[in-house]
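# Summary of structural features
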Amino acid sequence: QIQLAESGGGLVHPGGSLTLTCAAASATLKFYTIGWFRQAPGKEREAVASIRSSDGATYYSESVKGRFTVSRDDAKNLVILQLTRLAPEDAAVYHCARAPWRTQRLWAESEYDSWGQGTEVTVSS
């Protein structure tokens, strides 16, 4: 197993932006499919965005499509999630997770076998 760590969460006003990062020590993230999931109080954990290692294909949930962007910064060994036009319903703890190189079902929680501790995003006026 690898150890993943998220950072970048915080308090933002509606309409604002945040950049979350997923990092790993002693592992090269470019060789793994990385997914972002979030869980808000009283709600099930949901897939938000993922990026496949084998071909760079991405997945976005319908609720975030066009507002969030997942990408890699291989020079810094990071996977980045850019959140824009944030709304109160985006408030949650955001986790990154690892899946195999060729994972097909990028949205499926069951594909991911290693999870970070999470970083909290709060959206409030």
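So, here's what we can say about the structure. These numbers were taken from a predicted model, which means no experiment stands behind them.

### Quick notes on the sheet that holds strand β1 (residues 3-7)
A sheet is described by the order of its strands in space; here four strands give the open sequence β1-β3-β8-β7, paired in antiparallel fashion. Each end of this open sheet is capped by a strand with a single partner; those strands are β1 and β7 (68-73). Between one strand and the next, the sheet's axes are offset by a mean angle of 20°, whatever the strand orientation. As paired strands, β7 and strand β8 (residues 78-83) are joined by six bridges and run antiparallel to one another. In the strand pairing of β8, F68 is matched with L83.

### Here we look at the pairing of strand β4 (residues 33-39)
A large share of β4 lies buried, amounting to six of its seven residues. Pairing between β4 and strand β9 (residues 92-99): seven bridges, direction antiparallel. Opposite T33, over in β9, you have A99 as the bridge partner. Of the pairings in the sheet, the one linking β4 to strand β5 (residues 46-51) comprises five bridges and is antiparallel in character. The residue bridging W36 from the neighbouring strand is A49, located in β5.

### A word on the packing of aromatic side chains
Evaluated as defined, the whole model comprises four aromatic pairs. Their ring planes at 80° and their centres at 5.0 Å tell us that F37 and Y112 sit as a pair that is edge-to-face. In this pair, F37 is assigned in strand β4 and Y112 in the loop between β9 and β10 (114-115), connecting sequence segments 75 residues apart. Each member of the pair, F37 together with Y112, is buried. Aromatic side chains Y59 and W107 sit 5.9 Å apart centroid to centroid with 50° between the ring planes, which places their arrangement in the tilted category. Taken together, the residues span a long stretch of sequence, with Y59 in strand β6 (residues 58-60) and W107 in the loop between β9 and β10 at a distance of 48 residues. Here Y59 falls in the partly exposed class, since its relative accessible area comes to 22%. In this structure W107 comes out as partly exposed when scored by relative accessible area, which is 46%. Of the aromatic side chains, those joined through ring pairs into one cluster are F37, Y112 and W115.

### Re the nonpolar core
Core analysis: the biggest nonpolar cluster contains 28 residues, and W36, F68, V70, V79, L81 and Y94 have the highest contact counts within it. Elements with a minimum of two residues in this core: β3 (18-25), β4, β5, β7, β8, β9 and β11 (119-123). Discounting chain neighbours no more than four positions away, the residues touching F68 are R38, V48, Y60, L81, Q82, L83, T84, L86, D90 and Y94. In terms of nonpolar packing, the next biggest core, distinct from the first, is built from six residues, F37, A97, A99 and L106 among them.

The rules behind the values
- Each chain carries its own residue numbering, running from 1 in the direction its sequence is written.
- Owing to the predicted nature of the model, reporting of local features is limited to residues with pLDDT of at least 70; listing and counting of side-chain atom pairs is limited to 80 or more, with chain, interface and lining totals taken over all residues.
- Think of the side-chain values as coming from all heavy atoms in the structure, minus any hydrogens and water.
- DSSP bridges decide pairing: two strands pair if at least two such bridges lie between them.
- For helices the rule is a DSSP run of H or I covering at least 4 residues; for strands it is a run of E covering at least 2, with both sets numbered from the N terminus onward.
- Here an angle of 0 to 180 degrees is reported between the N-to-C directions of two axes, which are lines fitted to C-alpha atoms, with helices fitted over the stretch in contact.
- Here's how the labels work: a residue is buried when its accessible area is under 20% of the maximum for its type, exposed when over 50%, partly exposed in between, all with a 1.4 Å probe on protein chains only.
- Working definition: a ring pair exists when centres of Phe, Tyr or Trp rings (six-membered ring for Trp) sit within 6.5 Å. Plane angles under 30 degrees give stacked, over 60 give edge-to-face, the rest tilted.
- Working definition of a nonpolar core: buried Ala, Val, Leu, Ile, Met, Phe, Trp, Tyr and Cys residues. They are joined through side-chain atoms within 4.5 Å.
- The criterion used for residue contact is that any of the two residues' heavy atoms lie within 4.5 Å.

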